[in-house]
Amino acid sequence: MKCANNSNAMVVSSMVYCGLVSGYQGENNTATPQNAAEAVYAALRGARKVYPAVCVYHTDWGCPKGGEPVGAYIASGSPEEILHEAEKLRRDLKQTTLSVGLPEVGVATIGFVATAHLPLLVVGDLWQKSAARLFAETGTYVSCGMAEVNGVIHISAEANPAFVQDLVTWKSIVETICREVGADAPSFSEVGFNYLKDEA
């Protein structure tokens, strides 16, 4: 189901998480949330403030402990401007995919935001452990992005319609993980899911 954009004048904002070009730090170096943020800032040519962040997914699928270092920024403008900027960034940093949640634009789903007050990689590690246990029980894994903004960890994600059919279960898992990692209760909203990727 596609959402329609009924207003060309609509101005929205969304947290966008983008990873690094493969090998950005060279063979002997390891990417960190801080230098990932610096790389994304450079790719955006200083147009946005970029925060140290991680994308958190299952360690069995190759995610480093605590999350994959990425840069996160708050995109604002019309949906078309946000998606154009994100797609250019995805291509510049040679990312296979990049997802962007926008109100009323994209495939209809739900998303959440929450905050936590532990160090970024600690929250990421706790999330991975809780999400892996719940995945074993339910068959649904909840990945997310986490950005450190002024000492507070902002956590967000959208249920990817390509992988999540049961939104009730997804929402329940998010609530459980947030509770287990000591995050504040999540806030849910309807959102449009935009999956930017290379054409097959």
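Residues numbered from 1 in each chain as written. Predicted model: local features only at pLDDT ≥ 70, side-chain atom pairs only at ≥ 80, totals over all residues. Heavy atoms only, no water.

We now examine the environment of A36. Mapping A36 onto the fold places it in helix α1 (residues 33-43). In this structure A36 comes out as buried when scored by relative accessible area, which is 0%. For the pair A36 and A157, spaced 121 residues apart in the sequence, the C-alpha separation amounts to 19 Å. (Helix = DSSP H or I, 4+ residues; strand = E, 2+ residues; numbered from the N terminus. Buried < 20%, exposed > 50% of the residue type's maximum accessible area, 1.4 Å probe, protein only.)

A few words now on helix α2 (residues 79-92). Between its terminal C-alpha atoms α2 stretches 20 Å, which fits the 20 Å expected from 14 residues at 1.5 Å a residue. Inspection of α2 places P79, I82, L83, E85, A86, E87, L89 and R90 among the buried residues, and these make up the whole buried set. Where α2 is buried, its residues touch β2 (12-18), α1, β4 (68-77), β5 (97-102) and β9 (187-197). K94 occupies a position one or two residues after α2 and carries a positive phi of about 55 degrees. (Expected span 1.5 Å × (residues − 1). Contact = heavy atoms within 4.5 Å.)

This paragraph deals with the pairing of strand β8 (residues 152-158). Across six bridges, the pairing between strand β6 (residues 106-116) and β8 is antiparallel. The residue of β8 that forms the bridge with G111 is E158. Bridge count between strand β7 (residues 144-149) and β8: five bridges; the pairing is antiparallel. If you follow E148 over to β8, its bridge partner there is I153. Once β7 ends, the chain turns through two residues before running back antiparallel as β8, passing N150 with a positive phi of about 55 degrees. (Pairing = 2+ DSSP bridges.)

Before going further, it helps to spend a moment on the layout of surface pockets. Space left empty within the atom packing is revealed by a probe, the size of a water molecule, rolled over the atoms. One number sums up the size of the largest pocket: a volume of about 980 Å³. Lining the largest pocket are 37 residues; nearest its centre among them are Y57, S99, S143, N160 and Y195. Sorting the residues of the lining of the largest pocket by element identifies β2, β3 (50-56), β4, β5, β7, β8 and β9 as the ones contributing at least two each. A total of five residues in the lining of the largest pocket trace back to one element, the largest contributor, which is β5. When its residues are assigned to classes, the lining of the largest pocket shows 21 nonpolar, 13 polar and three charged. (1 Å grid on protein atoms, 1.4 Å probe; cavity = no way out; pocket = protein on both sides within 12 Å on 5 of 7 lines; lining within 4 Å. Points joined across faces, edges and corners; volume = space filled by probe spheres on them. Nonpolar A, V, L, I, M, F, W, Y, C, P; charged D, E, K, R; others polar.)

On to the confidence of the model for the protein chain, then. For the protein chain, the mean per-residue pLDDT works out to 91, and 90% of the residues sit at or above 70. Here residues 1-8 scores under 50 on pLDDT; set against residues more than four positions off or in separate chains, the count is 16 contacts. For the stretch residues 23-28, pLDDT sits under 50, and the model shows five contacts to residues farther than four places along the chain or on other chains. (pLDDT = per-residue confidence, 0-100.)

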